[in-house]
Amino acid sequence: MRHLLITTFIAGPLFVAGAMAQDVIVRDQAQNEVRMDWITGSNISSPDGESVGEVKDIIVDQETGQVTAAIVGIGGFFGLGEKQIAVDW
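Quick summary incoming for the structure in this document. (Residues numbered from 1 in each chain as written. Predicted model: local features only at pLDDT ≥ 70, side-chain atom pairs only at ≥ 80, totals over all residues. Heavy atoms only, no water.)

A few words now on the overall build of the protein chain. Across its full length, the protein chain holds two helices and four strands. Going residue by residue from the N terminus, the α and β elements of the protein chain occur as α-α-β-β-β-β. Within the protein chain, the fraction of its 89 residues that count as buried is 11%. Counted over contacts in the protein chain with a minimum sequence separation of 6, partners at least 24 positions apart contribute 7%. When the accessible surface of the protein chain is totalled, it reaches about 7,800 Å², and 58% of it is carbon and sulfur. (Helix = DSSP H or I, 4+ residues; strand = E, 2+ residues; numbered from the N terminus. Buried < 20%, exposed > 50% of the residue type's maximum accessible area, 1.4 Å probe, protein only. Contact = heavy atoms within 4.5 Å. Areas by Shrake-Rupley, 256 points an atom, 1.4 Å probe, with all protein chains shown as cover.)

Dropping the structure here:
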């Protein structure tokens, strides 16, 4: 009986939260939206076509939700000696 009570205490709020979450689930992606995993790992090239580096991460403003910069890994060889810099978005 004690085990059942603990399970109900832990799992109960999850079912309630799941029911409320259905009201805010986004089912389709808008055309102006981009997934972060489409950006991270992308190669960056200079205007001359020379490879500059790879997008490692994205910086987002917590208040506005706007992307402010991309973290780009430059230099190095097989990940050794690579330097990460922030590039304005």
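Having seen it, we continue.
Strand order in this open sheet of four strands is 1-2-3-4, and the pairing throughout is antiparallel. Of all the strands in the sheet, the pair left with one neighbour each is strand 1 (43-45) and strand 4 (83-88). Shown here is a sheet whose adjacent strand axes are inclined to one another by a mean of 45°, direction ignored. Where strand 3 (residues 67-74) and strand 4 come together, six bridges link them in antiparallel fashion. Along strand 4, the bridge assignment pairs alanine 69 with aspartate 88. (Pairing = 2+ DSSP bridges. Axes fitted to C-alpha atoms, helices over the stretch in contact; angles between N-to-C directions.)

Attention shifts here to the pattern of salt bridges. Per the counting criterion, the structure on display carries three salt bridges. Two residues, lysine 56 and glutamate 82, come together in a salt bridge whose shortest N-O distance is 3.7 Å. Taken together, the residues span a long stretch of sequence, with lysine 56 in strand 2 (residues 51-60) and glutamate 82 in the loop between strand 3 and strand 4 at a distance of 26 residues. By sharing partners, the salt bridges in this structure join Glu54, Lys56 and Glu82 into a single network. (Salt bridge = Lys/Arg side-chain N within 4 Å of Asp/Glu carboxyl O.)

Moving on: the environment of valine 34. Along the chain, valine 34 turns up in the loop between helix 1 (2-21) and helix 2 (36-39). Ignoring any residue separated from it by four or fewer positions in sequence, one finds valine 34 in contact with Gln29 and Ile39.

Formed by Ile39, Val55, Ile58, Ala70 and Val72, the largest nonpolar core amounts to five residues. When contributions to this core are tallied by element, the ones reaching two or more residues are strand 2 and strand 3. Apart from the residues within four sequence positions on either side, isoleucine 39 is in contact with Val34, Val55, Ile58 and Trp89. (Core = buried A, V, L, I, M, F, W, Y, C linked by side-chain atoms within 4.5 Å.)

Of the pairings in the sheet, the one linking strand 2 to strand 3 comprises seven bridges and is antiparallel in character. If you follow isoleucine 59 over to strand 3, its bridge partner there is alanine 69. Taking the residues that link successive antiparallel strands as the turn, the strand 2-strand 3 hairpin has six residues, and the phi of glycine 65 there is positive, at about 80°.

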